[in-house]
2 protein chains.
Amino acid sequence: MTVELICVGTELLLGNIVNTNAAYLAEKCAGLGLTCYFQSVVGDNEERLTMVLNTAMERSDIIILSGGLGPTEDDLTKEVAAKVCGKKLVMDEHSKKRIEKFFAQRGKEPTENNWKQAKVPKGAIVLDNDNGTAPGIIVETKNAKVILLPGPPNELIPMFEESVTPYLQKLTKEVIVSQTVKICGAGESEVETRVIDLIDKQTNPTIATYAKTGEVHIRVTASAENEKDANKLIKPMVKELKSRFGNEIYTTDVNTTLEKAVVDLLIANNLTFTCAESCTGGMLAARLINVPGVSDVIKSGYVTYSNKAKRKILGVKKTTLQKYGAVSPQTAEEMVKGLKLIAKSDVAVSITGIAGPDGATEEKPVGLVYIACMVKGNITVKEYHFQGNRAKNREAATSAALILMRTCILEYFSKMTFGKK
Amino acid sequence: MTVELICVGTELLLGNIVNTNAAYLAEKCAGLGLTCYFQSVVGDNEERLTMVLNTAMERSDIIILSGGLGPTEDDLTKEVAAKVCGKKLVMDEHSKKRIEKFFAQRGKEPTENNWKQAKVPKGAIVLDNDNGTAPGIIVETKNAKVILLPGPPNELIPMFEESVTPYLQKLTKEVIVSQTVKICGAGESEVETRVIDLIDKQTNPTIATYAKTGEVHIRVTASAENEKDANKLIKPMVKELKSRFGNEIYTTDVNTTLEKAVVDLLIANNLTFTCAESCTGGMLAARLINVPGVSDVIKSGYVTYSNKAKRKILGVKKTTLQKYGAVSPQTAEEMVKGLKLIAKSDVAVSITGIAGPDGATEEKPVGLVYIACMVKGNITVKEYHFQGNRAKNREAATSAALILMRTCILEYFSKMTFGKK
């Protein structure tokens, strides 16, 4: 079964934003065993969108459109899709009520054009949008299924996971099952060389690598008559990957993020956590606190951006800052020691670095970061060199801190058990 | 003059990589005054690539293809383009020498299939590749210019800047200039309603609205013979928008983010800042600290996630937490007062709320957030109701805090000037 993606938006044609929706949808569809031969981007223009949609419906079984479902005049994806599929637009009372509720909960009044979003092609399947006002829509014609999704990723992604995935799974006869093995700490090319033999002789299951910041995900995908048989095919491959990567694998659950894995590790070992962040300025705390239930382990965190804050809040010595500088292993270590005193947590992490563009010197380039991690009094300090801009370096440092935390906690407890023997 | 982009690569169809080339090329072409109506992604497949290229040549003046110029068998963009344009492939001695040199400089031997990369369609313009072995190619037919570029961004980008840009500049007569007006605090449909008359009668310049979290961006785009005339067309429209939205506009510079505007406001008024975050857990500090030069105004920040942290670090009264709860205007106010004492900053912000999915009660639903902002001792506390998942609610609360900061600072200083009168 073939799928084709059409992303609608002038901002894509003007290059104002990168088309991450296409990458997300393509990856998900591949995982569902759908073959994608074409992707298109077109603007909010009736004539051209009609042309692209007609072509897609002639050559593909499933067409996924994203964007152009907004309340404004220039949003016309739904209107064009309805016309091309030969359906009238009718008011969907269920969606209308949801939109009313959406505004009521914000203490706001919907404006006239919001009701435009409650109209759907007659007989269409309506997909609830829990993160916005535009419902998703599936129109089934004789030759094709046309799926309309809102453009904002925070609306499109949950809707795809919750509503579109089960719909697509029902369409494909053979069952496609995939499992994602998430590896942290190793680069993509390194991971690839360690599995190249598996990639070369792959048939069913297939394996593909995906590079993320500080992580590489390997997706193992098998197709079979039923889920049980597909899982039978996947199992030995996942086992092989586990034997090759061991502890570098932090999860085999596609929904578990690195921060979730680290929080689970803290909870499982009943460890409290705190951090002091300089260049990342809150990003580490922010990522960890995005995990529900984190309140059991994280009580507080500190953004110590200035030298004064490092001294005042963490008690870093003035002489240390003068002699070694704020971005030094010595400062990172004193930061984490200071944390221990004020927060009394089992695990403490400090981050200090030069995110750029300013602040670099001859011997301290942009991207130089020191991260210290203390687990029950045992301190590890690590040096990193990142190659991105300010935002990328801060993101990379945050991921590196999560990976270092995980490594230090695992090492601490493996030593413990070893000692017990 | 119209341009169309065709990105060739199975890795794009599988979602292994995000199509940053398309965004880069689209932005550059728009800046050159070329109108882009279509972008496509297709795999390394002769039949389908031929189909897409033929369609593009029927409807666009310039077609830019990226990818599929590699030395291997499955790279066939050049072969297909030559066939579609009715040109023979011939060995280009100049490119052959450059490939020999490329390998020699790396102490490597070219393999047989590398010579495939030195072949170009007869009569084509050859673009030197200083960062790889595949030369760029421009084929001019009666109806279209077909430009072939290598896929790797580190080869494509320099080649576009050095060779393609000057080529395209010669072709285009008109220039397109756009300016973005960024509005905070109002929703997209509200903004649209307030400019609907302008949208309805728009010709040149055109205006379009883009929704962001807590913001709406209006892009004004004009085309003219030269930049000066285009700016003349844009100016009155931007002036009109300014008169309609006034202080709701935080910038008219496309590169200025909301956090940058807020940091600039702090710097301009020489104000220091600190924050205490509960549900956002570092996100506000993280966003502000992503602005270069922020160290002049932000010294520290606090993540006070637990009640204990709110008491211990900020001195929130136990009775307040018991009587009103952690998520209450009273707690938000005491948090910000506590901040003032420990950080002594001119501006202080506290955020406390229920991000979800847990923690909600009958009278306190998920998405309820209180934000307190203190400017020189004047405290404002605001209640918000967000309706997203945990991540979305935290993101929305962070944007709301930035907007509240901006409002409070502007109000404080307008009162000051008023008082002086």
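What you see as residue numbers is a count from 1 along each chain, following the sequence as written. All chains are assigned letters beginning at A, and all ligands numbers beginning at 1, according to the order in which they are written. Totals for whole chains, interfaces and linings use all residues, but because this is a predicted model, local features are given only for residues with pLDDT of at least 70 and pairs of side-chain atoms are given and counted only at 80 or more. Water and hydrogen atoms were dropped before computing side-chain values, which therefore reflect all heavy atoms in the structure.

Caption draft 1: Molecular detail of the pattern of salt bridges. Any Lys or Arg side-chain nitrogen found within 4 Å of a carboxyl oxygen on Asp or Glu counts as a salt bridge. Evaluation of the coordinates by the stated rule reveals 33 salt bridges over all chains. The salt bridge partner of Asp264 of chain B is Lys260 of chain B, with a shortest N-O separation of 2.9 Å. Of the two residues, Asp264 of chain B and Lys260 of chain B are both situated in helix α9 (residues 258–268); the distance of four residues between them amounts to about one turn of the helix. Classification of Asp264 of chain B by relative accessible area gives partly exposed; the value is 31%. Because the salt bridges share partners, they merge into one network encompassing Arg98, Asp128 and Asp130 of chain A. Only DSSP runs of H or I with at least four residues qualify as helices, and only runs of E with at least two residues qualify as strands; both kinds are numbered from the N terminus onward. We call a residue buried when its accessible area falls under 20% of the maximum for its residue type, exposed when it is over 50%, and partly exposed in between, using a 1.4 Å probe and counting protein chains only.

Caption draft 2: Molecular detail of helix α2 (residues 20–31) of chain A. For a helix, the expected span equals 1.5 Å multiplied by the residue count minus one. Under the 1.5 Å per step criterion, the end-to-end length of α2 of chain A is 17 Å for 12 residues, consistent within 8% with the ideal 16 Å. Summarising burial for α2 of chain A: nine of the 12 residues are buried, a large majority.

Caption draft 3: Region of interest: the side chain of Asp346 of chain B. Residue and element names in this part refer to chain B. Mapped onto the elements of the fold, Asp346 is located in the loop between α13 (329–343) and β15 (347–353). We define a polar contact as two N or O atoms separated by no more than 3.5 Å, with the added condition that, inside protein, one atom must be a possible hydrogen donor and the other a possible acceptor, whereas residues neighbouring each other in sequence contribute only through side-chain atom pairs. A distance of 2.8 Å separates the side chain of Asp346 from the backbone nitrogen of Thr272, its partner in a polar contact. In what follows, residue pairs with any heavy atoms lying within 4.5 Å of each other are defined as contacts. Once residues within four sequence positions are removed from consideration, Asp346 is found in contact with Asn270, Leu271, Thr272, Met374, Val375 and Lys376.

Caption draft 4: Broad picture of the interface of chain B and chain A. On the chain A side, the residues contacting the 78 residues of chain B number 77 residues. Here the buried area means the combined drop in accessible surface, using a 1.4 Å probe, for two parts upon being joined, counting both sides. With both chains or domains summed, chain B and chain A bury close to 5700 Å², and 55% of this area falls on carbon and sulfur atoms. The interface formed by chain B and chain A holds zero salt bridges in total. At the surface where chain B touches chain A, the tally comes to 27 residue pairs in polar contact (both at pLDDT 80 or more). In the scheme used here, Gly and all other residues not listed as nonpolar or charged are polar, with Ala, Val, Leu, Ile, Met, Phe, Trp, Tyr, Cys and Pro taken as nonpolar and Asp, Glu, Lys and Arg as charged. Among the residues making up the side of chain B that touches chain A, the classes are represented as 36 nonpolar, 27 polar and 15 charged. One ladder, built from five bridges, connects strand β14 (residues 300–304) of chain A with strand β14 (residues 300–304) of chain B; its direction is antiparallel. Bridge pairing links Thr304 of chain A to Ser300 of chain B in β14 of chain B. A pair of strands is labelled paired if DSSP reports no fewer than 2 bridges between them.

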